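A look at the structure
Each chain is listed here by its residues.
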Amino acid sequence: MPKLNHTLEGKAIFVTGIGTGIGKTVSAAILTEALGADYWKPIQAGTEEGTDTERVRSLVSNGNSRFHEECYTLTIPASPHLAARIDNVKVTLQAIRSAFDNIRTPERHLVVEGAGGLMVPLNESDFFPDLIKMLGIPVVVVASQYLGNINHSLMTAECLKNRQIPVLGWIFNGTYHVNEEDIIRWSGFEKIGRIEEEEEISPRVIKHYAEKIRPRLLELLG
């Protein structure tokens, strides 16, 4: 992939999903590769199998991207509010916003990855939509195909609309089903692209999908 020219129009994107284990990290790697963006996961809950930052770094090959340290690294693979409680750590929106301001540069794209689904609690009173609103950046929503995904997709979309959070669009992950078109129509959100079932997720696969979605992604980013 040719090196991308970073301009003063670098954008930040927040990657969320309709649930846990639906392809957010792979999607974040593809977005990072497509934009030659920097990557940041503010909260990592669970470290025994490595971190999502380590995984994305291993999958991105463009040579431009920087990988920023997590604001919170929590031991247990659980909701951040519970993992933080177990680790005796206090998660605050202000600390994450301060870290965001320190790493954010207007000439570079930045992909920010959430944890779990959209309505995951960060502490006893704040949820990911509160953080996204504070950061003031648009969202990419990742969905996968399973029984109940229409419900989870449309509830996620409704929450984003009610919170007046701007949405770039959907990335669908896994086996195609016609209900993707229904979700797009009912939600009113654009489709960025889809990731097929792959035997292995490698840098080559990430680059392939990055090249496929880049034109649409740049169009939606304006």
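Here goes a summary of the coordinates provided. What you see is a predicted model, and the numbers here were worked out from it, not measured in a lab. (Residues numbered from 1 in each chain as written. Predicted model: local features only at pLDDT ≥ 70, side-chain atom pairs only at ≥ 80, totals over all residues. Heavy atoms only, no water.)

Regarding the pairing of strand S1 (residues 12-17)
Which entries qualify depends on this criterion: Whether a residue is buried, partly exposed or exposed follows from its accessible area with a 1.4 Å probe, protein chains only, as a fraction of its type maximum: under 20%, in between, or over 50%, in that order. Only DSSP runs of H or I reaching four residues or more are called helices, and only runs of E reaching two or more are called strands; each is numbered from the N terminus. When DSSP finds two or more bridges between two strands, those strands count as paired.
Burial analysis of S1 places six of its six residues in the buried class, the great majority of the element. Burial along S1 is two-sided: the residues Ala-12, Phe-14 and Thr-16 and Ile-13, Val-15 and Gly-17 are all buried. Where S1 and strand S6 (residues 139-144) come together, four bridges link them in parallel fashion. Bridge pairing in S6 places Gly-17 opposite Val-142.

Brief notes about the pattern of salt bridges
Let me state the cut-off plainly: Salt bridge, as used here: a side-chain nitrogen of Lys or Arg that lies within 4 Å of a carboxyl oxygen of Asp or Glu.
Evaluated as defined, the whole model comprises twelve salt bridges. Ionic contacts of the salt-bridge type, sharing partners, join the residues Glu-180, Lys-191, Arg-194 and Glu-196 into one network.

Some thoughts on the sheet that holds S6
The line we're drawing: Every angle, taken between N-to-C directions, lies between 0 and 180 degrees, and every axis is a line fitted to C-alpha atoms, over only the stretch in contact when it is a helix. Whether two residues are in contact is decided by their heavy atoms: any pair within 4.5 Å suffices.
If you trace the six strands from one edge of the open sheet to the other, you get S2-S5-S1-S6-S7-S8, paired in parallel fashion. Looking at the sheet topology across the chains shown, the edges are occupied by strand S2 (38-40) and strand S8 (191-195). Looking at each pair of strands side by side, their axes are set apart by 25° on average, direction ignored. Running at roughly 165° to S2, helix H4 (residues 93-103) makes contact with S1, S2 and strand S5 (110-113) of the sheet.

Brief notes about helix H7 (residues 179-187)
Counted only if it meets this: The directions considered for the arc are those from the helix axis to the C-beta atoms.
Residues of H7 that are buried: Asn-179, Glu-180, Ile-183, Ile-184 and Ser-187. Within H7, the buried residues cover an arc of 150° as seen down the axis, which keeps them to one side. For H7, the secondary structure elements touched by its buried residues are helix H6 (149-162), strand S7 (167-173) and S8. Positive phi shows up at Gly-188, right after H7, with a value of about 80°.

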